[in-house]
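Here is how the chains run, residue by residue.
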Amino acid sequence: MLNRRQKNTYNEQGFLVLEGLFSGPQIDPLRRAALEIVDHFDIDRHRSVFRTDDRDEGRDDYFFDSAENVHCFLEDGALGESGELAQPRRLAINKIGHALHDRIPEFTAFCRQPLIGEILRDLGLVAPQLWQTMYIFKQPSIGGEVRWHQDATYLITRPAAVTGLWVAVEDATRDNGCLWMQPGEHRSPLREIYRVDRDSRKGTLTELDRSPWAVEKAVAVEAPAGSLVLFHDHMPHYSSANRSTRSRHAFTMHVADSRARWSEENWLQRPNLGVFELR
Ligand code: FE2
């Protein structure tokens with residue numbers, strides 16, 4: 001699937017954009033399925049907000065249980081002063097996670113297409129295993145910023161062996177909060193690690209390295225709908241708040257190689273669902 005130049009770009013820059021890889025008919029079912037999940041979500045029972053400016057201290061049982069389920073998380077700005085929903089529900093959700101690939105047929109079919117396994121094997125994975133999926137809305141006007149981070153902070157394998165796949169379901173631009181990356185900085189040290197104590201279900205974000213983010217190198221990864229962005233688990237990335245009038249839907253997958261060991265300190269564990277292999 002990938003030519004030598006594309007593989008070199010991935011290895012040198014730490015990320016690769018495949019513009020317009022997927023057609024409208026391939027990604028439209030994802031969007032429709034995501035909105036249907038939102039339409040049936042019991043907002044009054046699960047008022048769990050997803051934000052990244054609290055050093056992950058706000059993670060609750062609803063979050064941890066999403067490892068094997070399909071849970072919706074609210075956008076911080078969707079709630080009014082007394083905690084009431086101040087937005088129509090389709091415009092209130094920050095993201096859905098994290099077992100869409102196991103539980104929702106449209107997502108299962110998308111992830112199972114042979115193209116995805118082929119691309120991952122081209123990048124050197126021997127037996128790719130899909131650990132988590134998310135549908136991210138980046139809502140107009142209120143879509144929150146996602147601070148600079150590396151995904152290996154939250155998805156720990158030994159050795160580090162996670163690949164991120166980010167699919168633009170809608171056009172992603174600077175205005176509506178596209179990804180930003182730092183070419184070459186996938187070789188920089190892991191700055192933080194998020195470990196969870198399984199018994200107490202308490203997560204702790206710990207600093208590992210004080211190297212500053214190379215924000216001067218940051219580039220906007222603008223991507224039209226249907227594009228796939230592949231990135232390394234040490235690649236620092238960020239997305240700004242969305243202050244535009246257009247949403248920026250994306251679907252993400254995180255894949256590890258079977259040769260790496262999945263840490264027991266990861267917040268995400270799949271004791272019941274088991275391994276999801278991408279052949
Ligand atoms: Fe990330």
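(A) Structural detail: the environment of Gly124. Within the element layout of this structure, Gly124 appears in the loop between helix H6 (114–122) and strand S5 (128–136). Assessed through its relative accessible area of 42%, Gly124 is described here as partly exposed. C-alpha of Gly124 to C-alpha of Asp233: the two residues are 109 residues apart in sequence and 14 Å apart in space. If near-sequence neighbours (up to four positions away) are discounted, Gly124 is found in contact with Asp257 and Arg259.

(B) A look at the sheet that holds strand S12 (residues 219–221). Read across the sheet, four strands follow the order S6-S14-S9-S12 without closing on themselves; strand pairing throughout is antiparallel. Sheet topology places strand S6 (146–149) and S12 at the edges, where each strand pairs with a single neighbour. Strand after strand, the sheet turns through a mean of 25 degrees between neighbouring axes, direction not considered. As defined by bridge partners, strand S9 (residues 179–181) adjoins strand S14 (residues 237–239) across three bridges and the pair is classed as antiparallel. Its bridge partner being in S14, Met181 is matched across the sheet by His237.

(C) Geometry of the coordination of the iron ion. Protein coordination at the iron ion comes from His149 (NE2), Asp151 (OD) and His237 (NE2), with a distance range of 2.1 to 2.2 Å. Along the chain, the residues donating to the iron ion are arranged with the sequence spacing H-x1-D-x85-H. Taken together, the residues Asp151 in the loop between S6 and strand S7 (157–158) and His237 in strand S14 connect sequence positions 86 residues apart. Taking the relative accessible area as the measure of exposure, Asp151 reaches 9% and is therefore buried.

(D) Layout of the pairing of strand S3 (residues 70–75). The buried fraction of S3 is high, at five of six residues. Pairing of strand S2 (residues 49–50) with S3 involves two bridges; the strand directions are parallel. In the sheet register, Val49 faces S3, and the bridge partner there is Leu74. Pairing between S3 and strand S4 (residues 93–98): five bridges, direction antiparallel.

(E) Region of interest: the pairing of S5. Most of S5 sits out of view: nine of its nine residues are buried. Note: S4 against S5, four bridges, orientation antiparallel. Opposite His98, over in S5, you have Thr133 as the bridge partner. As paired strands, S5 and strand S15 (residues 250–257) are joined by eight bridges and run antiparallel to one another. When the bridges of S15 are listed, Tyr135 appears paired with Phe251.

Cut-offs and rules
All chains use their own residue numbering, which begins from 1 and follows the written sequence. Under the rules for a predicted model, residues below a pLDDT of 70 receive no local features and side-chain atom pairs below 80 are neither given nor counted, while totals for whole chains, interfaces and linings still include all residues. As a convention, hydrogens and water are excluded, and side-chain values are obtained from all of the structure's heavy atoms. Under the scheme used here, helices are H or I runs from DSSP no shorter than 4 residues and strands are E runs no shorter than 2 residues, and both carry numbers assigned from the N terminus. Partly exposed describes any residue whose relative accessible area lies between the buried limit of under 20% and the exposed limit of over 50%, with all areas from a 1.4 Å probe on protein chains only and scaled to the type maximum. Residues are treated as being in contact if the distance between any of their heavy atoms lies within 4.5 Å. At least two bridges found by DSSP between two strands is the condition for calling them paired. Helix axes use the C-alpha atoms of the stretch in contact, all axes being lines fitted to C-alpha atoms, and the angles between their N-to-C directions lie in the range 0 to 180 degrees. Shown as donors are all N, O and S atoms within 2.8 Å of a metal ion, widened to 3.2 Å for Na, K and Ca; because water is not in the atom set, sites may appear incomplete.

Any functional reading would require information beyond the geometric quantities listed.
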